[in-house]
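Given next are the chains, with one letter for each unit.
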Amino acid sequence: MFSTKTVLVLSLCASYALAFTPPARLDIPLLLSPGGRPMMGVGMSSGQVQNFNFTFTTSLGYTAVAGKGCSGCSNTPLYDISLSSSAKSLSGQSAVSLGSGNFQGSVIKEDCKIYIANGSSWAYPNQTVVVSDNQSQASPFEESISGLLGLGTLKKATNAAGFPASFDDGLYGQYYIRNPDATNFTFGLALKRTPVIPGNSSSLTIAPDSKSLADSDVGTVHWLQPDHSAYQADQVQWRSVQDSITSGYLANNTQPDLTVQLDGWTAKLGSNNVAVTDPILVNVDPYFPGIYMPMQQARLIHDAISGSQQTQLSTIPGQTNAWSVPCDTQMQFTVIIGQQRFTVDQSILVVDQGDGQCLSLIEGFTDSSVTQYILGQNFMSQLYVIFNIPKDGTAIVGFAPRTVSSTRSRDIGAIVGGTVGGVAGVVALGLLAFYLIRRRQDNSFFKRAAEIEEEHKVASTVEPYTFGQNMVAHHQVDPFSPHTPGFGSPPATAHAPLLGMHDPAHGVAPPSYEEASESGVASGSRFPRDSKAGYRRDTVMTGMTGGGSPPVSPNETSFSGAGSSAV
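Residues numbered from 1 in each chain as written. Predicted model: local features only at pLDDT ≥ 70, side-chain atom pairs only at ≥ 80, totals over all residues. Heavy atoms only, no water.

1. Details of the overall build of the chain
Our working definition: A run of H or I in DSSP counts as a helix once it spans at least four residues, and a run of E counts as a strand once it spans at least two, with each numbered from the N terminus. Burial status follows relative accessibility: with a 1.4 Å probe on protein chains alone, a residue under 20% of its type maximum counts as buried, one over 50% as exposed, and anything between as partly exposed. Each accessible area is a Shrake-Rupley estimate made with a 1.4 Å probe; only the visible protein chains count as cover when residues are assessed.
The number of helices and strands found in the chain is six helices and 30 strands. Within the chain, the fraction of its 567 residues that count as buried is 48%. Per element, the accessible surface of the chain, about 26,700 Å² overall, is 55% carbon and sulfur.

2. A look at the nonpolar core
The nonpolar side chains of a soluble globular protein tend to be buried, and buried together. What counts, and what does not: Throughout, nonpolar core names a set of buried Ala, Val, Leu, Ile, Met, Phe, Trp, Tyr and Cys residues whose side chains join them through atoms within 4.5 Å. Contact definition: two residues touch when any of their heavy atoms are within 4.5 Å.
Among the nonpolar cores identified, the biggest contains 81 residues, and M40, W122, F185, F187, W223, W265 and F333 are the most heavily contacted of them. If near-sequence neighbours (up to four positions away) are discounted, F333 is found in contact with W265, T266, A267, I291, M293, I301, F342, T343, V344, L349, I362 and F379. Counting 25 residues, the second largest nonpolar core, distinct from the first, contains A64, L154, I316 and I374.

3. Some thoughts on the environment of T343
This is how it is decided: Distance and chemistry together define a polar contact, namely a pair of N or O atoms within 3.5 Å, with one atom able to donate a hydrogen and the other to accept it when in protein, and with adjacent residues in sequence counting only for side-chain atoms on both sides.
Note on placement: T343 falls in strand β23 (residues 340-345). Sequence separation between T343 and A267 is 76 residues, and the spatial gap between their C-alpha atoms is 9.2 Å. Here T334 takes part through its side chain, which lies 2.7 Å from a polar atom of the side chain of T343.

4. Regarding the confidence of the model for the chain
Stated precisely, the cut-off is as follows: Values of pLDDT, ranging from 0 to 100, describe the predictor's confidence in every residue of the model.
Here the chain averages 76 in pLDDT, and 65% of its residues register 70 or above. In the model, residues 541-567 has pLDDT below 50 throughout and makes 64 contacts with residues more than four positions away in sequence or in other chains.

5. Some remarks on the sheet that holds strand β18 (residues 291-294)
Filter applied, for reference: Pairing between strands is defined by DSSP: at least two bridges between the two strands are required. Working convention: axes come from line fits to C-alpha atoms, limited for helices to the stretch in contact. Angles between N-to-C directions cover 0 to 180 degrees.
The mixed open sheet is built from six strands, whose spatial order is β14-β17-β27-β18-β26-β20. The strands lining the two open edges of the sheet, one partner per strand, are β14 (260-262) and β20 (320-321). Pairing between β14 and strand β17 (residues 280-284): three bridges, direction antiparallel. Bridge pairing in β17 links Q261 to L281. The sheet strands contacting helix α3 (residues 295-303) are β18, β20, β26 (362-365) and β27 (373-375), and the helix crosses β18 at an angle near 115°.

6. What to know about the state of the cysteines
Going by this rule: Working definition: a disulfide is two cysteine sulfur atoms within 2.5 Å of each other.
One pass over the structure, following the stated rule, counts two disulfides. Covalently, C70 is tied to C73 through a disulfide, its sulfur atoms 1.9 Å apart. Overall, C70 belongs to the buried group, its relative accessible area being 8%. Classification of C73 as buried rests on a relative accessible area of 12%.

7. Regarding the pattern of salt bridges
The cut-off we apply is this: The rule for a salt bridge is simple: a side-chain nitrogen of Lys or Arg has to be within 4 Å of a carboxyl oxygen of Asp or Glu.
Going through the model one piece at a time under the given rule, you end up with six salt bridges. Residue D217 is joined to K192 by a salt bridge in which the shortest nitrogen-to-oxygen separation is 2.8 Å. With D217 in strand β12 (residues 217-223) and K192 in the loop between β9 (184-191) and β10 (196-197), this pair connects stretches of sequence that are 25 residues apart. Residue classification places D217 among the partly exposed residues on the basis of a relative accessible area of 40%. In this structure K192 comes out as buried when scored by relative accessible area, which is 18%.

8. With respect to the environment of I362
Note on placement: I362 falls in strand β26. When its relative accessible area of 1% is taken as the criterion, I362 is described as buried. Through-space distance from the C-alpha of I362 to that of N321 is 8.8 Å; in sequence the pair is 41 residues apart. The residues touching I362, leaving out its near neighbours within four places in the chain, are I291, M293, I301, H302, W323, M331, F333 and L349.

9. Some thoughts on the pairing of strand β6 (residues 101-115)
Relative to β6, strand β2 (residues 38-44) runs antiparallel, the two sharing three bridges. Its bridge partner being in β6, G43 is matched across the sheet by K113. Of the pairings in the sheet, the one linking β6 to strand β7 (residues 121-135) comprises 12 bridges and is antiparallel in character. Looking at β7, one finds that G105 is bridged to S132. As consecutive antiparallel partners, β6 and β7 are separated by five residues, and within that stretch G119 has a phi angle of approximately 95°, a positive value.

10. Brief notes about the sheet that holds strand β21 (residues 323-325)
Across the sheet, which stays open at both edges, the four strands sit in the order β19-β21-β25-β24 with antiparallel pairing between neighbours. Either end of the sheet is taken by a strand with one partner, and the two such strands are β19 (309-310) and β24 (350-352). Relative to strand β25 (residues 358-360), β21 runs antiparallel, the two being bridged by two bridges. Within β25, the residue paired with V325 across the bridge is C358. Across the sheet, α3 touches β19, β21 and β25, and the angle it forms with β21 is around 10°.

If you want it as structure tokens, here you go:
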């Protein structure tokens, strides 16, 4: 018979054994599509897997794929529901808008998986997916991209897409259903730049001097927990996600899912300075390449640049306008988040369109009712962004400076060490030459001294005469001869699905991704930091007012230990 204490101990042990184990980090490699968007490999169906390239967005929580027979879906593989053994059709039709494009189609439940850098995958079954049968121009399904992974929350139930979507229809809701003891879903983004520039086409325009986009590495998604070595953990600035926004940039001024309130911005434009000191509402979204803001504020910046001119060119055609600027424009744009200031300069903001004319990547919304901002991929390439979506409560977004990569540190160490070693070597050679010359001079001196001494001896010697001898005996003296020592004497292509078509009929398994380097491969350079407490404000503009919650820290569930991957 067990005692009460023993029963209690056994109960606690059983509870511990059944407790949720925090997942290990998974690295999702990102390539650049021929159209200039970041993309990852996604497999669909639990039977005959169909593999595709998906881009992703934080503005929406919907997942979508271009279906077989899709009108307007060009140069990309299409999903065939007839080949899936796990797809389940739902009632209703959807209509989704993103950027300047829109798409519509039926809604299904499907088993999906995201491919990881080590060749394995992370499964997320029973995902609600919009299967597009038609899309307008400027929608995502083109140039090798077949799908869109929505990383928004869908926490606010909506019928905007034609069906009653809720949190459980998104990626995070299904994760919590599979892992009921989990309390947080966290991921980090370490992105690189994209060569997209404003254009006059419905598709994105690529800078003419860009190298081939095939196989271009544009960063990593650190899935299930951030990479703590990629950012300065003690410098993270957390912001709570806002809701009840009525001035968003989506259709009908709908609010994007992960909108946060930041503390304003400053811009240094040659000798001119402008600023907005009131809070601003921002969405950070790698689906968009540039920086976007209300038209009045974009005009405020470019009016301070001599020679700038508003154009009809855009990276969100029909929704924003860009400006042409002199190619030698010196500019810095700094976003203020608490005690941190994140800055991009003309190396990011001014792009050459190939004919001697340059464009600014800061664009203004043509709809005057839009008061939100988007900080896109090129801005995000200069910092590390963390998203934390809790099971209960408000999602938060963290902004942190990046760490200097170990590779770069080793390179700097090698340069410094080589320089110091080289200087030391030159000094040593100089000292050796001095020693040899001095030694040679000393040897000549002593040799000459010996000769003089010998001459003196000979001159002062009296030769004895011996009677009875017919010869004279001379006393021989060897000359002094000093001794002188001697010295010896450097994945998959963007034009096809990242992992190929894993069709058992073909008998070919998808190739593995190469391990995404975390020890400093092409790490984004540490961005320039604003060393001043603020800029001199020749022009100061008051933007939107907004309360906003104070920053909060994520739920303290630990993600630092090793554990099994979530399924």
